[in-house]
Amino acid sequence: MKITVNGTATEVTAKDLPGVLRELGYGDGKVATAVNERFVPASARSSAVLGPGDRLEVVTPRQGG
Amino acid sequence: MPMFYDVEVTSRLMLGTAQYPSPRVLAEAFRRSGAGIATVSVRREAGGERAGAAFWDLVRDLGVRVLPNTAGCHSVREAVTTAQMARELFDTPWIKLEVIGHADTLQPDPFGLVEAARILCEEGFEVFPYTTEDVVLADRLLSVGCRVLMPWGAPIGTGLGLVNRYGLRTLRAQFPDVPLMIDAGLGRPSQAAEAMEMGFDAVLLNTAVAKAGDPAAMAEGFARAVEAGRLAFEADPMEPRDMAAPSTPVLGRAFLA
């Protein structure tokens, strides 16, 4: 199915959030996620199911002022 | 030292982590600044990129407390979601809340700021709102649960210093017991010293240090200025006067005319 990952249209086969993150190469990295502009805590990822057109945001620590 | 949400800070100088020419220079600037708090952010990352992990390793090596921000957020929802992601990533309830309302000045959106602060305080965040010197806005932010305020000195990245001294003096006078730190707009150590002389509890800088020709030396310059300004505030400076008054005793002067 096609979803949007960090603003880019992306084809994925997994349907659950942990599976999508693995498929996209995030592995066990230190990331935080939001689906359709709503925060999905790490503890809730396994029950998060994605559908076509969903918007996934994956962020990590970065420099800031 | 001031208390930020029941945490006594180790330095009145706080530094951002962006725009340094290299990680090595960033680390050296922190070392010479003595800063105990670093601002950080969250940003998108592609799978396998690992830039975030490398940055996080660098920050952990600094041995400082982190203050994540919601920089670049223009709506309440965006800021709240960013704060929620930051809390999980950095494992801290602290959040420097930015809700930007104007593209050219990066001035906070006061209405969105109060609403986002209210939501985040209710969710258990300890909110450090990036605000203006507006005393009514300050009062609203305190009423929704903020216990620290971060008024701007000038628009972010301008280096203009304290552009509204009257407003900042008024804010300090109106809220004598609230920790207030000047965030944004400082360009030179003398401006930081002035903020401290006015009784502000701390200053937060980024661009002024990171974009200096020698960031580490500038960081130390700011550290000394902050210390000097605070000492001056505590020492109760003399009042300025219009007429001259000789400092050397007049009595006993030799009569040589």
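Residues numbered from 1 in each chain as written. Chains lettered and ligands numbered in written order. Predicted model: local features only at pLDDT ≥ 70, side-chain atom pairs only at ≥ 80, totals over all residues. Heavy atoms only, no water.

To keep things clear, this is the line we draw: UniProt positions are given in the numbering used here, feature names are shortened, and annotations may be inferred rather than shown by experiment.
Looking at an unreviewed UniProt entry, chain B carries the name Thiazole synthase, with the source organism given as Rubellimicrobium roseum. Per UniProt, chain B carries the Sequence similarities (unreviewed entry) text "Belongs to the ThiG family." What UniProt records for chain B under Function (unreviewed entry) is the sentence "Catalyzes the rearrangement of 1-deoxy-D-xylulose 5-phosphate (DXP) to produce the thiazole phosphate moiety of thiamine. Sulfur is provided by the thiocarboxylate moiety of the carrier protein ThiS. In vitro, sulfur can be provided by H(2)S."

Taking an unreviewed UniProt entry as the reference, chain A is identified by name as Sulfur carrier protein ThiS belonging to Rubellimicrobium roseum.

## Comments concerning the environment of B:Lys96
For clarity, the threshold we go by: The helix count covers DSSP runs of H or I at least four residues long, the strand count covers runs of E at least two residues long, and both are numbered beginning at the N terminus. A 1.4 Å probe rolled over the protein chains alone gives each residue an accessible area, and that area as a share of the maximum for its type sets the label: buried under 20%, exposed over 50%, partly exposed in between. Only heavy atoms matter for contacts: two residues are in contact if any of them lie within 4.5 Å across the pair. Contacts described as polar in this section are N or O atom pairs within 3.5 Å, which, within protein, must combine one atom able to donate a hydrogen with one able to accept it, while residues neighboring in sequence count only if both atoms come from side chains.
As for its placement among the helices and strands, B:Lys96 is situated in strand E6 (residues 94-97). Its relative accessible area of 3% is what places B:Lys96 among the buried residues. Distance from B:Lys96 to B:Ala83, taken between C-alpha atoms, is 8.5 Å for residues 13 residues apart in sequence. Residue contacts for B:Lys96: discarding those within four places in its chain leaves A:Gly65, B:Thr39, B:Leu67, B:Pro68, B:Asn69, B:Thr70, B:Phe128, B:Tyr130, B:Met150, B:Asp183 and B:Leu204. A distance of 3.1 Å separates a polar atom in the side chain of B:Lys96 from a polar atom in the side chain of B:Asp183.

## Regarding the UniProt feature "domain: Thiazole synthase ThiG" (unreviewed entry) in chain B
Under the feature "domain: Thiazole synthase ThiG" (unreviewed entry), the UniProt entry names residues 5-249 of chain B. For residues 5-249 of chain B, the helix share is 42%, the strand share is 15%, and the end-to-end C-alpha distance is 50 Å.

## Digging into the interface of chain B and chain A
Applied cut-off: Once two parts are put together, the accessible area they lose, assessed with a 1.4 Å probe and summed over both, is termed the buried area. Note on definitions: salt bridges are taken to be side-chain nitrogens of Lys or Arg within 4 Å of carboxyl oxygens of Asp or Glu.
Listed per partner, the contact involves 30 residues of chain B and 27 residues of chain A. Across the chain B to chain A interface the summed buried area is about 2400 Å²; carbon plus sulfur atoms make up 53%. Across the contact surface, chain B and chain A share 3 salt bridges. Where chain B meets chain A, there are 22 residue pairs in polar contact (both at pLDDT 80 or more). For the side of chain B that touches chain A, the elements supplying multiple residues, two or more each, are strand E4 (37-44), helix H2 (51-62) and helix H3 (76-90) of chain B. Element by element, the count of residues in the side of chain B that touches chain A is highest for H3(B), at 7 residues.

## Quick word on the sheet that holds strand E8 (residues 150-151) of chain B
Residues and elements named next belong to chain B. The following threshold applies: Paired strands, as defined in this entry, are two strands with at least two bridges between them according to DSSP. Every axis corresponds to a line fitted to the C-alpha atoms, with the helix fit spanning only the stretch in contact, and the corresponding angles, defined between N-to-C directions, vary from 0 to 180 degrees.
With parallel pairing, 3 strands are arranged side by side in an open sheet as E6-E7-E8. Since the sheet does not close on itself, it has two edges, and those belong to E6 and E8, each with one partner. Alignment of strand E7 (residues 126-131) against E8, held across 2 bridges, turns out to be parallel. Opposite Thr131, over in E8, you have Pro151 as the bridge partner. Across the sheet, helix H4 (residues 110-122) is in contact with E6 and E7; its angle to E7 comes to roughly 170 degrees.

## Examining the packing of aromatic side chains
Residues and elements named next belong to chain B. Our working definition: Pairs were defined over the aromatic rings of Phe, Tyr and Trp, the Trp ring being its six-membered one, requiring ring centres within 6.5 Å. Orientation was assigned from the angle between planes: stacked under 30 degrees, edge-to-face over 60, tilted for the rest. A ring is considered to have a charge above it if a Lys NZ or an Arg CZ atom is located within 6 Å of its centre and within 35 degrees of its normal.
Counted by the stated rule, this structure contains 4 aromatic pairs over all chains. Plain terms: the ring middles of Phe4 and Phe128 are 5.8 Å apart, the flat faces sit at 90 degrees to each other, and that makes the pair edge-to-face. Taken together, the positions of Phe4 in strand E1 (residues 3-4) and Phe128 in strand E7 put the pair 124 residues apart, joining distant regions of the chain. By relative accessible area, Phe4 is classed as buried at 0%. Ring centres of Trp56 and Phe90 lie 5.3 Å apart, and the angle between their planes is 65 degrees; on these two criteria the pair is classed as edge-to-face. A residue pair is termed long-range when its members are at least 10 positions apart, and Trp56 in helix H2 and Phe90 in helix H3 qualify at 34 residues. Trp56 sits in the buried class, given a relative accessible area of 12%. Cluster of aromatic residues (ring-pair linked, three or more members): Phe4, Tyr5, Trp94 and Phe128. A cation sits over an aromatic face here: Arg65 above Trp94, 5.2 Å from the ring centre. Over the face of the ring belonging to Phe200 we find Arg172, whose NZ or CZ atom lies 6.0 Å from the ring centre.

## Comments concerning the environment of A:Val12
All names here are of chain A. Counting through the fold element by element, Val12 comes out in the loop between strand E2 (8-11) and helix H1 (17-23). Measuring from C-alpha to C-alpha, the distance between Val12 and Gly29 comes to 19 Å, with 17 residues separating the pair along the chain. Each residue touching Val12, except ones within four places of it in the same chain, is listed here: Met1, Ile3, Val20, Glu23 and Leu24.

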